[in-house]
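Commentary on secondary and tertiary structure
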Amino acid sequence: MSVVYLNGEYLNKDLATVSVDDRGFLLADGLYEVTSAYKGNFFRFEQHIQRLIRGLDFLRINYDPVDILEMHLRLLAENKLEDQEASIVYLQITRGVAPRTHCFPPEETLPTVYAFARDFKRPDSKRWGQGYAAITVPDNRWGRVDIKSIALLPNVLAQQEAIDSGAIEALLVKDGMVLEGSHSNVFGVFNGVVTTHPATHEILHGVVRGSIIELAQKMGMAVIERPIALDEMRGAEEIFFTGTTAEVRPTVYLDGCPVGDGKVGPVTKALYDKFRSVVDK
Ligand code: PDD
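Residues numbered from 1 in each chain as written. Predicted model: local features only at pLDDT ≥ 70, side-chain atom pairs only at ≥ 80, totals over all residues. Heavy atoms only, no water.

The next subject is the nonpolar core. Within the largest apolar cluster, 27 residues are counted, with the highest numbers of intra-cluster contacts made by Tyr38, Phe43, Val194, Ile212, Phe240, Leu271 and Phe275. With six residues, the top contributor of residues to this core is helix α6 (residues 207-218). Each of domain 1 (3-119) and domain 2 (125-279) contributes no fewer than three residues to this core. In this structure, Tyr5, Ala37, Met71 and Leu75 belong to the second largest nonpolar core, which totals 22 residues. (Core = buried A, V, L, I, M, F, W, Y, C linked by side-chain atoms within 4.5 Å. Buried < 20%, exposed > 50% of the residue type's maximum accessible area, 1.4 Å probe, protein only. Helix = DSSP H or I, 4+ residues; strand = E, 2+ residues; numbered from the N terminus. Domains from an automatic or database assignment.)

So, about the pairing of strand β2 (residues 9-12). Judged from the four bridges that link them, strand β1 (residues 3-6) and β2 form a sheet pairing that is antiparallel. The residue bridging Val4 from the neighbouring strand is Leu11, located in β2. Between β1 and β2, which pair antiparallel and follow one another directly, the connecting turn spans two residues, one of which, Asn7, has a positive phi of 50°. (Pairing = 2+ DSSP bridges.)

Moving on: empty space enclosed by the protein. Inspection of the entire model under this criterion finds three cavities of 30 Å³ or more. Within this model, the largest cavity holds a volume of roughly 50 Å³. Contributing to the lining of the largest cavity are Leu31, Tyr32, Glu33, Arg51, Leu52, Arg54, Gly55, Asp146, Ile147 and Lys148. Broken down by element, the residue count for the lining of the largest cavity peaks at four residues, all from helix α2 (residues 45-59). Taken together, the residues that form the lining of the largest cavity break down as four nonpolar, one polar and five charged. Of the residues that make up the lining of the largest cavity, three or more belong to each of domain 1 (3-119) and domain 2 (125-279). Lining the second largest cavity are Glu237, Glu238, Ile239, Pro250, Thr251, Val252, Val259, Lys263, Val264, Gly265 and Thr268. Broken down by secondary-structure element, the contributors of at least two residues to the lining of the second largest cavity are β14 (238-243) and β15 (247-254). (1 Å grid on protein atoms, 1.4 Å probe; cavity = no way out; pocket = protein on both sides within 12 Å on 5 of 7 lines; lining within 4 Å. Points joined across faces, edges and corners; volume = space filled by probe spheres on them. Nonpolar A, V, L, I, M, F, W, Y, C, P; charged D, E, K, R; others polar.)

Within helix α3 (residues 68-78), burial applies to Ile68, Met71, His72, Leu75 and Leu76. Angularly, the buried residues of α3 cover 140° about the axis, an arc narrow enough to put them on a single face. The first or second residue beyond α3 is Lys80, which carries a positive phi of 55°. (Arc of directions from axis to C-beta.)

For the rest of this paragraph, the subject is the site of the ligand. Around the ligand, the structure places 19 residues, and the nearest of them are Tyr32, Arg51, Glu180, Val207 and Thr244. In this structure, Val208 approaches the ligand through a main-chain N or O atom, which is 3.0 Å from an oxygen atom. Contact with the protein chains covers 90% of the free accessible surface of the ligand, which is 470 Å². Assessed atom by atom at 2 Å from the grid points, the ligand resides in the largest pocket. For the shell around the ligand, the elements supplying multiple residues, two or more each, are β3 (30-38), β9 (177-181), α6 and β14. For the shell around the ligand, a count of residues per class yields five nonpolar, 10 polar and four charged. Here the shell around the ligand spans two domains, and each of domain 1 (3-119) and domain 2 (125-279) adds at least three residues to it. (Near = heavy atom within 4 Å. Polar contact = N/O pair within 3.5 Å; in protein donor to acceptor, adjacent residues only side chain to side chain. Areas by Shrake-Rupley, 256 points an atom, 1.4 Å probe, with all protein chains shown as cover. Sits in = over half its atoms within 2 Å of the grid points.)

Quick look at the packing of aromatic side chains now. The tally for this structure, following the rule as stated, stands at 10 aromatic pairs. Here the aromatic rings of Tyr114 and Phe116 are separated by 6.0 Å at their centres, their planes lie at 45°, and the arrangement is tilted. Note on Phe187 and Phe240: the rings are 4.8 Å apart at their centroids and 10° apart in plane angle, and the pair reads as stacked. Remark: Phe240 occurs in strand β14 and Phe187 occurs in strand β10 (residues 185-190); sequence separation between them is 53 residues. The structure contains a cluster of three or more aromatic residues connected by ring pairs, namely Tyr32, Tyr90, Tyr114 and Phe116. (Phe/Tyr/Trp six-rings, centres within 6.5 Å; stacked < 30°, edge-to-face > 60°.)

As structure tokens, this is what we get:
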């Protein structure tokens, strides 16, 4: 039985209960973070927390994440994940429990803070080396997707559409531009240049995305952050997605058509190997 964190307590998951009046349940009025840990070491923890604080400020949820690292470490320990190759902590903060109204509840309402930890499995090198398929779908999300809101209905529907068509990720398209995946960021390689949408309000500012940009630059690759049209993306030499659990995922088919020569490309492979060497050190 896993041990979860709920409002200051560590308890068995089946004992953790939340009110039906919770604004997360009724209104999706909350935020989340997913942070990876490799053999007990959190990856870029501070960046996850900075993103969380930015979201809390934007939503005006009054929560001070002062003991947050301690809580993350304890969840790993409670669940015996400290030596695990790769694990995640999922953290969710909602505006708390109050009778349903659209406007904010009374000032004294406390946020609901919930977190759990689990391991995550990476694909073996053979599977990874075969690459993956993605489809394109319209981006039906709200205008502030840089805020990691728990309101994920368009992402859920997009991801399910991908699965239903035998793919693993949906690439979200708005006004003819490819922005990101349903739960990951996207990169294209054009004439060897590693390219991704700029960190605007139209994408989540992914922690792995930032790390890959830095690693690519350190490796001497040319990197540019600029919008990418769907038509251009269809002609990319390589496409890959990045995210906390996806890490670096090569896409070799987009909407059923091969990307480049239909094989995992050298840029994607080099970046994944480098990323692995950093996190598995
Ligand atoms: N998803 N874009 C979207 C829409 C995401 O949901 C995510 C992460 C990312 C990648 O961000 P990061 O590199 O910080 O994980 C980009 C998480 C993992 C999830 O929803 O489970």
